[in-house]
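Each chain, letter by letter, is given below.
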Amino acid sequence: MTLDQIDRMVRQANPVPDPATLDAPVADHTTRSEAVTFELRPRSNRRLFVALAVAASLVVGILAVVQLADRADHANGPGSFGSDDAVSVAETFMRAWIAGDGIGAAALIADDGDFSAGTVSGSANESFPAVEGVELIPALRDWYGALDASFYDGGCEPTESSPPSASATILFCRYSVETTLTRALRHPPINGAFSIWVDGDGIITAVEDPLMIDVQADVTDVFRTWLIATHPEDLERMYADSGRVSTLTPRLDAASIARWGQYAPEFAGTVGARHEQDRPLTRREFGARARAICGAASIAFQADYVGLEPNSPATNPAVYDALIRRSERALEQLRELPVVDEDRTEVESILIAIENVLEVDRQQAVAAAKEDWALVRTLSSSAAELAREKNELGGIDVFQCPVFSAG
Amino acid sequence: MKGVMDVSYDIRHRFESLYDAHRLHVLAYCARRVSAADASDACAETFLVAWRRIDDVPGPPKALPYLYGVAAKVLANQRRSAHRRARLHEQLDALGAVPPPDPCAVLVQTDQDRRVLAAVRRLKPRDREIVMLHAWEQLPHEVIAQMLGMTKAAVDQRIHRSYERLARTLGVTDAPNTTPPLEMEAPA
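The paragraphs below set out a description of the structure included in this document. (Residues numbered from 1 in each chain as written. Chains lettered and ligands numbered in written order. Predicted model: local features only at pLDDT ≥ 70, side-chain atom pairs only at ≥ 80, totals over all residues. Heavy atoms only, no water.)

Before going further, it helps to spend a moment on the overall build of chain B. A tally of helices and strands in chain B yields 9 helices and 0 strands. Secondary structure elements in chain B, listed N-terminal to C-terminal, are α-α-α-α-α-α-α-α-α. The proportion of buried residues among the 188 residues of chain B is 55%. Sequence-distant contacts, at least 24 apart, represent 63% of the contacts inside chain B between residues at least 6 apart. As displayed, chain B offers around 8600 Å² of accessible surface, 57% of which is attributable to carbon and sulfur atoms. (Helix = DSSP H or I, 4+ residues; strand = E, 2+ residues; numbered from the N terminus. Buried < 20%, exposed > 50% of the residue type's maximum accessible area, 1.4 Å probe, protein only. Contact = heavy atoms within 4.5 Å. Areas by Shrake-Rupley, 256 points an atom, 1.4 Å probe, with all protein chains shown as cover.)

The subject of this paragraph is the overall build of chain A. Scanning chain A from N- to C-terminus turns up 14 helices and 6 strands. Residues classed as buried in chain A amount to 54% of the 407 residues present. A separation threshold of at least 6 residues defines the contact pool for chain A, and within that pool the share at least 24 residues apart is 66%. Here chain A has roughly 16900 Å² of accessible surface; of this, 52% comes from carbon and sulfur atoms.

Right, let's talk about the pattern of salt bridges for a bit. Following the criterion strictly, the structure yields 22 salt bridges over all chains and no others. In this structure, A:R11 and A:D7 form a salt bridge, with 2.7 Å as the shortest nitrogen-oxygen distance. Of this pair, A:R11 and A:D7 both sit in helix α1 (residues 3–12), 4 residues apart, roughly one helical turn. Like A:D7, A:R11 is buried. Each of A:D114, B:D127, B:R158, B:R161 and B:R165 takes part in salt bridges that share partners, so that together they form one network. (Salt bridge = Lys/Arg side-chain N within 4 Å of Asp/Glu carboxyl O.)

Now for the sheet that holds strand β1 (residues 109–117) of chain A. If you trace the 6 strands from one edge of the open sheet to the other, you get β2-β1-β6-β5-β4-β3 (chain A), paired in mixed fashion. Both outer strands of the open sheet, β2 (131–132) and β3 (150–158) of chain A, are each paired with one neighbouring strand and no more. (Pairing = 2+ DSSP bridges.)

Attention shifts here to the packing of aromatic side chains. Residue and element names in this part refer to chain A. Per the stated rule, a full pass over the model turns up 20 aromatic pairs over all chains. Relative to F151, the ring of W97 has its centre 5.7 Å away and its plane inclined at 75°; by these criteria the two rings are edge-to-face. In this pair, W97 is assigned in helix α3 (residues 83–98) and F151 in strand β3, connecting sequence segments 54 residues apart. The same class applies to W97 as to F151, namely buried. Seen in terms of ring centroids, F223 and F267 are 5.3 Å apart; in terms of plane orientation they differ by 80°. Their pairing is edge-to-face. Of the two residues, F223 sits in helix α8 (residues 217–230) while F267 sits in helix α10 (residues 254–270), which places them 44 residues apart along the sequence. Judged by its relative accessible area of 0%, F267 is buried. (Phe/Tyr/Trp six-rings, centres within 6.5 Å; stacked < 30°, edge-to-face > 60°.)

Bringing α10(A) into the picture now. A rise of 1.5 Å per residue sets the reference length of α10(A), with its 17 residues, at 24 Å; its end C-alpha atoms lie 25 Å apart and thus fit the reference within 8%. Every buried residue of α10(A) is listed here: A:S256, A:I257, A:W260, A:Y263, A:A264 and A:F267. (Expected span 1.5 Å × (residues − 1).)

Throughout the structure, instances matching the rule amount to 2 disulfides over all chains. At a sulfur-sulfur separation of 2.1 Å, the disulfide partner of A:C294 is A:C401. Residues A:C294 and A:C401 share a disulfide whose torsion about the S-S bond is about -105°; that sign makes it left-handed. You can see A:C294 sitting in helix α11 (residues 283–306) and its partner A:C401 sitting in the segment after α14 (373–393), a full 107 residues away along the chain. Of the two residues examined, A:C294 and A:C401, each falls in the buried class. Sequence-ordered numbering of the bonded cysteines in chain A gives a disulfide pattern of 1-2, 3-4. No disulfide involves B:C30; its sulfur sits 5.7 Å from the nearest other cysteine sulfur, which is in B:C43. The exposure class assigned to B:C30 is buried, which follows from its relative accessible area of 0%. (Disulfide = S-S within 2.5 Å.)

Right, let's get into the pairing of strand β5 (residues 190–199) of chain A. Residues and elements named next belong to chain A. Of all 10 residues in β5, 9 are buried, a share of seventy percent or more. Where strand β4 (residues 168–178) and β5 come together, 10 bridges link them in antiparallel fashion. By the bridge assignment for β5, F172 is matched with S195. As paired elements, β5 and strand β6 (residues 204–209) share 4 bridges and run antiparallel to each other. Along β6, the bridge assignment pairs I196 with V207.

Bringing the nonpolar core into the picture now. The biggest cluster of nonpolar side chains holds 59 residues, and the ones touching the most others in it are A:I6, A:V10, B:V26, B:Y29, B:Y163 and B:L166. Among the secondary structure elements, those contributing two or more residues to this core are α1 of chain A together with α1 (2–31), α2 (36–52), α3 (63–80), α6 (111–121), α7 (125–135), α8 (141–148) and α9 (152–169) of chain B. Among the elements that line this core, the one with the most residues is α1(B), at 10 residues. Excluding residues that lie within four positions of it along the chain, B:V26 makes contacts with B:C43, B:T46, B:F47, B:L64, B:L67, B:Y68 and B:A71. (Core = buried A, V, L, I, M, F, W, Y, C linked by side-chain atoms within 4.5 Å.)

Residue and element names in this part refer to chain A. Here S256 lies in helix α10. A residue is classified by how much of its surface remains accessible, and S256, at 0% relative accessible area, is buried. Residues within four places of S256 in sequence aside, it is in contact with R237, M238 and R251.

Attention shifts here to the pairing of β6(A). All names here are of chain A. Of all 6 residues in β6, 6 are buried, a share of seventy percent or more. Relative to β6, β1 is paired through 5 bridges, and the arrangement is parallel. Bridged to D114 within β6 is A206. Joining the antiparallel neighbours β5 and β6 is a turn of 4 residues, in which G202 adopts a positive phi near 80°.

Here the bond from B:P60 into B:P61 is cis, since omega is 5°, no more than 30 degrees from zero. Relative to the assigned elements, B:P61 resides in the loop between α2 and α3. Even without being a glycine, A:E371 presents a positive backbone phi close to 55°. Mapped onto the fold, A:E371 is located in the loop between α13 (341–369) and α14. On the basis of relative accessible area, A:E371 is assigned to the exposed category, the value being 53%. Located in the positive-phi region is B:Q138, a residue other than glycine, with phi close to 55°. Inspection of the secondary structure assignment puts B:Q138 in the loop between α7 and α8.

Given below as structure tokens:
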């Protein structure tokens, strides 16, 4: 069989081979997607509805059969390079990374391998600029070193989406990290995770850290604002994306990294000093801290959730257990934050609203454990309604508390 | 005042032309990558971005790759979006207590297609995207290269390498290296 034939097989497997079929009429395949409207062109809404309905039915069906195919793959038994071996390979990478050995970590990746951080899709992305290329790993690790980063290993485990018969085992390696910047702002350690592809020969072919940059925005935005005010002449030298806002793409050359190492302690000594321990927080400060805590909890939950793929998250009791665990911890952290007297009532009402949603989530977890999915669905509606009410309280960004599942 | 109305009409006309020409392609692009609900949302959001940035949208033949690029970003952002609880709820609705297989999909999907889909899904994300753009969106490699900020040679190489991996995954161990599937004509 030639690679031409592989090409034809891939083309043949196209889930939507002919986009024109998305316009075909259907009678009974109605889904929630039909509620999506496109107000800019009302004359086309009917056609769009039909297209979306067909797409919905096609994709749901295809996802179902792909899941069946995955399960069939699982039944084929382990390959020559088992998942335990792959975990060991991934852990070797993590040890090198955590030890600050960027060169060693990069050397563990295949010559034609990939590395990317800060993007989910791997494609060019203006909104979330990526650090891409194995050759950038040492510099990226040096940048973390300049920020006096301490990484804490959260362990590696294979994802369910990497059955032994596949061309690669995909490991999910969690970590948390604190830096000069997080310490200065009393920000909790940032949770992240590497996805590490290990092929059948035990070679790492790709490493991705899709969440790193996005998650750090809460901290780095403060630093960036301070930098603009204090050392604007170095902004261009330190950021690859200078001029943009709310994203972090450090310039990874020696001059830039040296400045990060110079200015981070200076930042900690000035801005950080204003965040002295146990000082009551204003509503706004509480909001910033809450956003960080809830965001970190949400990321940690996503890590739990990704580890469970491709099992349907909606019908997997473990998802609900993880949701409760992460949410309760986040709520506990929020309650530990001191608040100034004048804002205490408002903060309390927010915390009560979170607790109300969480209580329904707990009931969902119980129902899920009993596989009573009808009750889960009912409770999900209630939770969504309470969450909406919570979010409408406004003023304090606790949108991601309690955490919730990715679809 | 008349001038403003003319400009408004021109913009609207341009957008409607864009929408009519490419809506289904963008919807298909999204439906090949994410769940049905997310695909429809992403398609709508892609055109919303196009509407807001209509002056930036290039003319044919670059408009469609541009929209694919926007859709890729929308899908990436969607993964991070703050509507996950709602999607979980939708997913529950869609699945019911037991997820039913779609009989139509079962009819049109052969066992081989399912195996190939599963194997494609397990490619590294960037390789997977390139393979999909090549085989499913049927974009020329030069266009893929422009979209992803790579050289055409790198795209060629990645497709070749991905197909070798697919061959191994699918149990085809004797795939020769001499016949790279480069720039094939789209099947009729």
